[in-house]
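Now for the letters of each chain:
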Amino acid sequence: MPRAPRFFAPAKASAGRHKLADEELMALVQAGDADAFEVVYDRHCNAAFSLAYRMCGRRASAEDVLQDTFLVLWRSSAQYDRSRGSVRNWILRIVHNRAVDALRRGTVRDRHAFHEEGAVERVAGSENTEEQTLGREEASEVRGALGGLPVEQRRVIELAYFGGFTHTEIASMLQMPVGTVKGRMRLGLAKLRLTLAAEEGVSS
Amino acid sequence: MSETHDDLLVPKEDCCGEAAVYLLGLLDERGSEMFLEHARSCALCSDDLAALGPAVDSLPNSVPQLAAPPEAKRHVMAVVRSEAGLAMRTSPRPAKARGRLVSMRRPSLALAGAGLLAAGIAIGGLAIDSGGGTSRVVSADVAPAGATVMLHESGGHNWLTVAKMPKPSAGYVYEVWVKRPGGALPQPTDSLFTPTNSGAAMVFVPDRPGASEVMVTQEPAGGSRLPTSPAIIVAHLA
């Protein structure tokens, strides 16, 4: 009786790798270890999909971005440099770039709206691991900090980061000079950074 | 280094906002290169990059967390396992084969003569389970240049994995067909697919006892009962 290909029964094959840190897993991925890649996928696929969905607004487009992102990760793993940031941030930057590409190609129809299709499940609340709890706390802090920005600063940041609009497009859309848009982006990000740093200081 | 509010919030005349524009991903490749070149010699932009980067990296955390669809993982891992297996087999390092390597036969080009395949035929095929399971070799004729296809067979079930496959034309999908030896017409299946932007897809091929070929054609959305275009993939079952 032939055995099933490993990609249909991954749990056993990658069991030992679950204990490794992301950076250690990436060293294995760079050597072509598909089991290590699968652990990285499992750890970060929800965050990647969530960002893609927030930007694209459609499940099918977000799924395309998700798959493309992880295939880029697999095929370009040699480009990962741990001195330049965490694996998670690297993955999310790839997601962001791919989603912006999709937005600018026009494969995502409505760049202004965020559609809740209702077909996507939130990460199950019953799986209330410590990691998820910490993730929710961090998400709450970031949302709070973002929500605390003056609306004109938050708006340019959201249009740029989540909407994929260029600073020139935003200036035209909001009928203001490009320099003002750039200044608001910088000021908003600076305030966000300081707010988060202050909250981090309080919680640690 | 830790910034004070004054350090970070006071607008900087010369390059104000350039680092934010770069970090938010608004510059194209050329623009990014030019900015990074500039930042190497500009203390203000260099400081902004370090100071504002964490804020941009935090933005994805503000998004409601959703569960990724499980089918996406199946697609990705199918491609990854296939490529890992190919890399292992083509590695110059002597390595102990984990699967049983069966001889590969050249793909039959007879179908091209029969008018089923377009010009520019690339040879794909050769699917071997990379994970130590049963080896299975098939051959396939693949029309799109650069595309590769693999047919995984396990326990009597077949899975087609494609990579670098162009998307079908707007309003069209790819449809999987199976053909029996000597059968004049291929039989339609319910397997319709569109590759991802990178050209990847993994498709279940329904069981058809006695089938000798698996074919893929481009069909109008929803699929067809008879092929309306030449086959762009033909995989020969043993």
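Residues numbered from 1 in each chain as written. Chains lettered and ligands numbered in written order. Predicted model: local features only at pLDDT ≥ 70, side-chain atom pairs only at ≥ 80, totals over all residues.

Caption draft 1: Expanded view of the overall build of chain B. Across its full length, chain B holds six helices and nine strands. Going through the 238 residues of chain B one by one, you find that 41% of them count as buried. Considering only intrachain contacts with a sequence separation of at least 6, the fraction spanning at least 24 residues in chain B is 60%. (Helix = DSSP H or I, 4+ residues; strand = E, 2+ residues; numbered from the N terminus. Buried ≥ 20, exposed ≤ 12 C-beta atoms within 10 Å, placed from the backbone. Contact = placed C-beta atoms within 7 Å.)

Caption draft 2: Region of the structure containing the overall build of chain A. Helix and strand counts for chain A come out as nine helices and zero strands. Here chain A holds 204 residues, and the buried ones make up 41% of them. Expressed as a percentage of contacts within chain A between residues at least 6 apart in sequence, the contacts between residues at least 24 apart total 64%.

Caption draft 3: Summary view of the nonpolar core. Residue and element names in this part refer to chain A. Counting 104 residues, the largest nonpolar core has Ala48, Ala52, Leu66 and Ala160 as the members making the most contacts within it. In terms of residue count, the dominant contributor to this core is helix α3 (residues 34-56) (15 residues). Residues contacting Ala48, with those up to four places away along its chain left out, are Leu66, Thr69, Ile91, Leu92 and Val95. (Core = buried A, V, L, I, M, F, W, Y, C linked by C-beta atoms within 7 Å.)

Caption draft 4: Seen up close, the pairing of strand β8 (residues 213-220) of chain B. Residues and elements named next belong to chain B. With respect to burial, β8 is a largely interior element, six of its eight residues being buried. Direction of pairing for strand β5 (residues 172-179) relative to β8: antiparallel, over a ladder of eight bridges. Of the residues in β8, the one forming a bridge with Tyr174 is Gln218. In this sheet, strand β9 (residues 231-236) lies alongside β8 in antiparallel orientation, the contact comprising five bridges. Paired with Val216 across the strands is Ile233, a residue of β9. (Pairing = 2+ DSSP bridges.)

Caption draft 5: The arrangement of unusual backbone geometry in detail. In this structure, Gln175 of chain A is a non-glycine residue whose phi angle is positive, near 55 degrees. Along the chain, the position of Gln175 of chain A falls in the loop between α8 (167-174) and α9 (178-203). Judged by the 6 C-beta atoms lying within 10 Å of it, Gln175 of chain A is exposed. The phi torsion at Lys164 of chain B lies on the positive side, around 55 degrees, for a residue other than glycine. Examined against the element boundaries, Lys164 of chain B turns out to sit in the loop between β4 (157-163) and β5.

Caption draft 6: Structural view of the packing of helix α4 (residues 59-75) of chain A against helix α5 (residues 87-105) of chain A. Residues and elements named next belong to chain A. Here α4 crosses α5 at 130 degrees, and the two axes come no closer than 9 Å. Considering the angle they form, α4 stands oblique to α5. Seen along the crossing, α4 lies across α5 with a hand that is right-handed. Across from Ser61, Val65, Asp68, Thr69, Val72 and Leu73 in α4, the residues of α5 making contact are Ile91, Ile94, Val95, Arg98, Ala99 and Ala102. When the residues that make up the contact of α4 with α5 are grouped by side-chain class, the tally is eight nonpolar, two polar and two charged. (Axes fitted to C-alpha atoms, helices over the stretch in contact; angles between N-to-C directions. Parallel < 35°, antiparallel > 145°, perpendicular 65-115°, else oblique. Left-handed = near helix turned anticlockwise from the far one by under 90°. Nonpolar A, V, L, I, M, F, W, Y, C, P; charged D, E, K, R; others polar.)

Caption draft 7: Examining the confidence of the model for chain A more closely. Residue and element names in this part refer to chain A. Of the residues in chain A, 76% reach a pLDDT of 70 or more, and the chain-wide mean stands at 80. Looking at the elements of chain A, mean pLDDT is at its lowest for helix α1 (residues 10-13), recorded as 43, and at its highest for α3, recorded as 95. Below pLDDT 50 for its whole length, residues 114-122 participates in 15 contacts with residues either more than four positions away or in separate chains. (pLDDT = per-residue confidence, 0-100.)

Caption draft 8: Main features of α4 of chain A. The terminal C-alpha atoms of α4 of chain A lie 24 Å apart, and with 17 residues this matches the ideal 24 Å at 1.5 Å per residue to within 8%. Counting buried positions along α4 of chain A gives 13 out of 17 residues, so the element sits mostly inside the fold. (Expected span 1.5 Å × (residues − 1).)

Caption draft 9: Structural view of the confidence of the model for chain B. Residues and elements named next belong to chain B. Across chain B, the average pLDDT comes to 70, with 66% of residues at or above 70. Within chain B, helix α6 (residues 110-113) has the poorest average pLDDT of any element, 29, and helix α2 (residues 18-23) the best, 91. In this model residues 91-135 is a low-confidence stretch, pLDDT under 50, and it forms 100 contacts with partners more than four residues away in sequence or in other chains. Confidence estimates for the predicted assembly give a pTM of 0.61 and an ipTM of 0.81.

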